[in-house]
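Topology and contacts: notes
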Amino acid sequence: MTNKYMIFIANWKMFGGLNSLNSINPVIKFLKIFKNKKSVKIIYCPPTTLIYPMYKRLKNTPLMVGGQNCHENHKSGAFTGSINTTMLKNVGASYVIIGHSENRRNGENNTLINQKIKSAINSGLNVIFCIGETLGERKKKLTKKILNRQITSGLKKIKNKKKILISYEPVWAIGTGLIPKINELYETISFIKNKFKDYKVLYGGSVNPKNIKDLKTIENLDGFLIGGASQNSKKFIDIIKKTYN
Ligand code: PEP
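Predicted model, so just to flag it, every value in this text is computed and none were measured. (Residues numbered from 1 in each chain as written. Predicted model: local features only at pLDDT ≥ 70, side-chain atom pairs only at ≥ 80, totals over all residues. Heavy atoms only, no water.)

This paragraph deals with the site of the ligand. Close to the ligand lie 14 residues; K13, H100, G175, S206 and G228 are nearest. Between an oxygen atom of the ligand and a side-chain N or O atom of N11, the distance comes to 2.9 Å. Notes on the ligand: free accessible area 290 Å², of which the protein chains cover 96%. Here the residues of the shell around the ligand sort into four nonpolar, eight polar and two charged. (Near = heavy atom within 4 Å. Polar contact = N/O pair within 3.5 Å; in protein donor to acceptor, adjacent residues only side chain to side chain. Areas by Shrake-Rupley, 256 points an atom, 1.4 Å probe, with all protein chains shown as cover. Nonpolar A, V, L, I, M, F, W, Y, C, P; charged D, E, K, R; others polar.)

Below is the structure:
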């Protein structure tokens, strides 16, 4: 890791109730005394029900809050069960995850993802834009082609690069305990960075306190998106500490 500034996204997925908010207290405390605090950015993406209470809890801290998905229309409408980007912004979110493979699997395609990203930018949100190949695509050596398509379509007609964090998350690595070989991951991150210049690029997929020692050696990474391990503050803090060791 040679970056001056690292981003850590905690994706809580569909886990957590009001009690879970207590688990962020150790992270707030840790950040106050952490010697590298100026170069860490932490964004919590809890389930929608926890965005506002979390926002209130984090208000006077450097930590930020984001949503996990949104509707593509930033105006209100008859879309039962949906939440738009204006609403996310209204309850304190500064970020939103878009294109997560768990939602792509439910039918979200690149065109819809592009509409969602535009909506988020329109509402003043920053976007955590997830991309990644499936195991089948990897075996067929299609990774670069897939990533190129996902990014080109997802970011079509989007100019504000500063508002977007690209998170490379191989689908086969999410929640499985598997991570890509370090040299392969370095190559993939370099491919994204060379082709889509000036974007910050994160890695996500089974990041944990053990494998972070290897992952942090990838010098062109800007941070990590952490699912399972982010729900445990001890593990989450451990990952952050080890990134800087
Ligand atoms: C994720 O939620 O995008 C993710 C990477 O999860 P995990 O860290 O559990 O693999």
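On we go.
What follows is about helix 7 (residues 143-154). For helix 7, spanning twelve residues, the distance from its first C-alpha to its last is 16 Å, which sits close to the expected 16 Å at 1.5 Å a residue. Along its buried surface, helix 7 packs onto helix 4 (101-104), helix 5 (110-122), strand 5 (126-131), helix 6 (135-139), strand 6 (164-168) and helix 8 (182-195). (Helix = DSSP H or I, 4+ residues; strand = E, 2+ residues; numbered from the N terminus. Expected span 1.5 Å × (residues − 1). Contact = heavy atoms within 4.5 Å.)

Another aspect to go through is the side chain of D222. Of note, D222 is situated in the loop between helix 9 (212-215) and strand 8 (223-226). Using a relative accessible area of 5% as the deciding quantity, one classes D222 as buried. In this structure the side chain of D222 is engaged in a polar contact, spanning 2.7 Å, whose partner is the side chain of K193. Within the structure, D222 has its side chain in polar contact with the backbone nitrogen of V201 (distance 2.8 Å). (Buried < 20%, exposed > 50% of the residue type's maximum accessible area, 1.4 Å probe, protein only.)

The next point concerns the pairing of strand 7 (residues 200-204). Counting buried positions along strand 7 yields four of five residues, so the element is predominantly enclosed. Pairing of strand 6 with strand 7, which is carried by four bridges, proceeds in the parallel orientation. When the bridges of strand 7 are listed, Y168 appears paired with Y203. Traced from strand 6 through helix 8 to strand 7, the parallel crossover comes out right-handed. For strand 7 and strand 8, the ladder comprises three bridges, and the chain directions are parallel. Paired with Y203 across the two strands is F224, which belongs to strand 8. (Pairing = 2+ DSSP bridges. Right-handed = clockwise from strand over helix to strand, strands pointing away.)

Right, let's talk about the packing of helix 7 against helix 8 for a bit. Between two packed helices, what matters for the description is the angle formed by their axes and the separation of those axes. Where helix 7 contacts helix 8, the axes come no closer than 11 Å and their chain directions differ by 40°. Considering only the axes of helix 7 and helix 8, their crossing is right-handed. Of the residues in helix 8, those touching helix 7 at T143, K144, L147, N148 and I151 are E187, T188, F191, I192 and K195. Tallied by class, the residues present in the contact of helix 7 with helix 8 amount to four nonpolar, three polar and three charged. (Axes fitted to C-alpha atoms, helices over the stretch in contact; angles between N-to-C directions. Left-handed = near helix turned anticlockwise from the far one by under 90°.)

Another point: the packing of helix 1 (residues 25-33) against helix 10 (residues 233-244). Taken N-terminus to C-terminus, the directions of helix 1 and helix 10 make an angle of 25°; their axes are 9 Å apart at the nearest point. Compared by their axis directions, helix 1 and helix 10 come out roughly parallel. Crossing hand, helix 1 versus helix 10: right-handed. Contacts from P26, V27 and F30 of helix 1 reach helix 10 at S233, F236, I237, I240 and K241. Class assignment for the residues of the contact of helix 1 with helix 10 results in six nonpolar, one polar and one charged. (Parallel < 35°, antiparallel > 145°, perpendicular 65-115°, else oblique.)

That is the geometry; function is a separate question.
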